[in-house]
Amino acid sequence: MKQNNKYNLEERTAKFGESVIKFCKTLTLDTISKPIVSQIIRSATSIGANYMEANGASSRKDFQNKIFICKKEAQETKHWLRMLATCFSERKDEIKSLWTETQELTMIFQKITSSLRNDH
């Protein structure tokens, strides 16, 4: 049976990274927005990359560390989305949608790290 993609974190984090890339490709950049876009693409795509690494972790501790990095990258992405909304106020609705997904990912990774901490 195929897993629902909303609950498949590998797929969900990859789709999120793709969404951020596609959105950023539509922006007209200037000297202020260009470094912000660069940062957001790094942090947003890092969430999925680190989740993939977590799934291949060599130990429970390694898994826990990678999941914690996923959470940190999601939190950083929320910050850059806020800055992006300042640069592109006319696109706030689209940015808010990306922020909402980032917030959900942050909460998912927080729950995973809390569960891992409480399990030993």
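Residues numbered from 1 in each chain as written. Predicted model: local features only at pLDDT ≥ 70, side-chain atom pairs only at ≥ 80, totals over all residues. Heavy atoms only, no water.

S.K.: Explain the packing of aromatic side chains to me, please; I cannot follow it from the model alone.
M.R.: Both the distance between ring centres and the angle between the ring planes are used here to describe each pair of aromatic rings. Tallied over the entire structure, the rule returns 1 aromatic pair. Considering the side-chain rings of tyrosine 51 and phenylalanine 109, the 5.9 Å spacing of their centres and the 50 degrees angle between planes classify their relative orientation as tilted. A residue pair is termed long-range when its members are at least 10 positions apart, and tyrosine 51 in helix α2 (residues 33-55) and phenylalanine 109 in helix α4 (residues 92-118) qualify at 58 residues. Of the two residues, tyrosine 51 and phenylalanine 109, neither departs from the other in class, the shared state being buried. (Phe/Tyr/Trp six-rings, centres within 6.5 Å; stacked < 30°, edge-to-face > 60°. Helix = DSSP H or I, 4+ residues; strand = E, 2+ residues; numbered from the N terminus. Buried < 20%, exposed > 50% of the residue type's maximum accessible area, 1.4 Å probe, protein only.)

S.K.: In this structure, what is going on with α2? I would like to understand it.
M.R.: Three or four residues apart is the spacing at which side chains of an α-helix point the same way, because the helix has 3.6 residues per turn. Relative to the 33 Å expected for 23 residues at 1.5 Å per residue, α2 spans 34 Å between its end C-alpha atoms, a close match to the ideal helical length. For α2, every residue scored as buried is listed here: Ser33, Ile36, Val37, Ile40, Ser43, Ala44, Ser46, Ile47, Gly48, Asn50, Tyr51 and Ala54. For α2, the elements touching its buried residues are α1 (9-25), α3 (60-87) and α4. (Expected span 1.5 Å × (residues − 1). Contact = heavy atoms within 4.5 Å.)

S.K.: Hey, could you run me through α4 in this one?
M.R.: Taking 1.5 Å of rise per residue, the 27 residues of α4 would be expected to cover 39 Å, and the 38 Å separating its terminal C-alpha atoms lies within 8% of that figure. Within the span of α4, buried status applies to Ile95, Leu98, Glu101, Thr102, Leu105, Thr106, Phe109, Thr113 and Leu116.

S.K.: Can you walk me through the state of the cysteines in this structure?
M.R.: One way to say it: the disulfide is the covalent bond shared by the sulfur atoms of two cysteines. Throughout the structure, instances matching the rule amount to 0 disulfides. Cysteine 70 takes part in no disulfide bond, and the closest cysteine sulfur to it belongs to cysteine 24, at a distance of 19 Å. (Disulfide = S-S within 2.5 Å.)

S.K.: Before we go on, may I ask you to explain the pattern of salt bridges in this structure?
M.R.: Side-chain pairs of opposite charge can arise where the charged atoms are in close proximity. Counted according to the given criterion, the structure contains 6 salt bridges. A salt bridge links glutamate 101 to arginine 12, with the nearest nitrogen and oxygen atoms 2.6 Å apart. Residue glutamate 101 is found in helix α4, and its partner arginine 12 is found in helix α1; the two are separated by 89 residues along the sequence. Taken individually, glutamate 101 and arginine 12 each receive the classification buried, so the pair is uniform in this respect. Here glutamate 53 and lysine 66 are joined by a salt bridge, their closest N and O atoms 3.4 Å apart. Here lysine 66 lies in helix α3 and glutamate 53 lies in helix α2, a separation of 13 residues in the sequence. Assessed through its relative accessible area of 18%, lysine 66 is described here as buried. Three or more residues joined by partner-sharing salt bridges are found here, namely Arg12, Glu101 and Glu104. (Salt bridge = Lys/Arg side-chain N within 4 Å of Asp/Glu carboxyl O.)

S.K.: Can you help me understand the packing of α3 against α4 in this one?
M.R.: The relative placement of two packed helices is expressed as an angle between their axes plus a distance between the axes. For the pair α3 and α4, interaxial distance at closest approach is 9 Å and the crossing angle is 160 degrees. One element, α3, and the other, α4, form an angle in the roughly antiparallel class. Judged by the sense of rotation from one axis to the other, the crossing of α3 with α4 is left-handed. Tallied by class, residues from the contact of α3 with α4 come to 14 nonpolar, 8 polar and 5 charged. (Axes fitted to C-alpha atoms, helices over the stretch in contact; angles between N-to-C directions. Parallel < 35°, antiparallel > 145°, perpendicular 65-115°, else oblique. Left-handed = near helix turned anticlockwise from the far one by under 90°. Nonpolar A, V, L, I, M, F, W, Y, C, P; charged D, E, K, R; others polar.)

S.K.: What's the story with the nonpolar core in this structure? I'm lost.
M.R.: When a protein is soluble and globular, its nonpolar side chains tend to lie buried together. Membership of the largest hydrophobic core comes to 25 residues, with the highest contact counts inside it found for Leu84 and Phe109. Within the residue set of this core, elements represented by two or more residues are α1, α2, α3 and α4. Residues within four places of leucine 84 in sequence aside, it is in contact with Phe23, Leu27, Ile36, Val37, Ile40 and Ile95. (Core = buried A, V, L, I, M, F, W, Y, C linked by side-chain atoms within 4.5 Å.)

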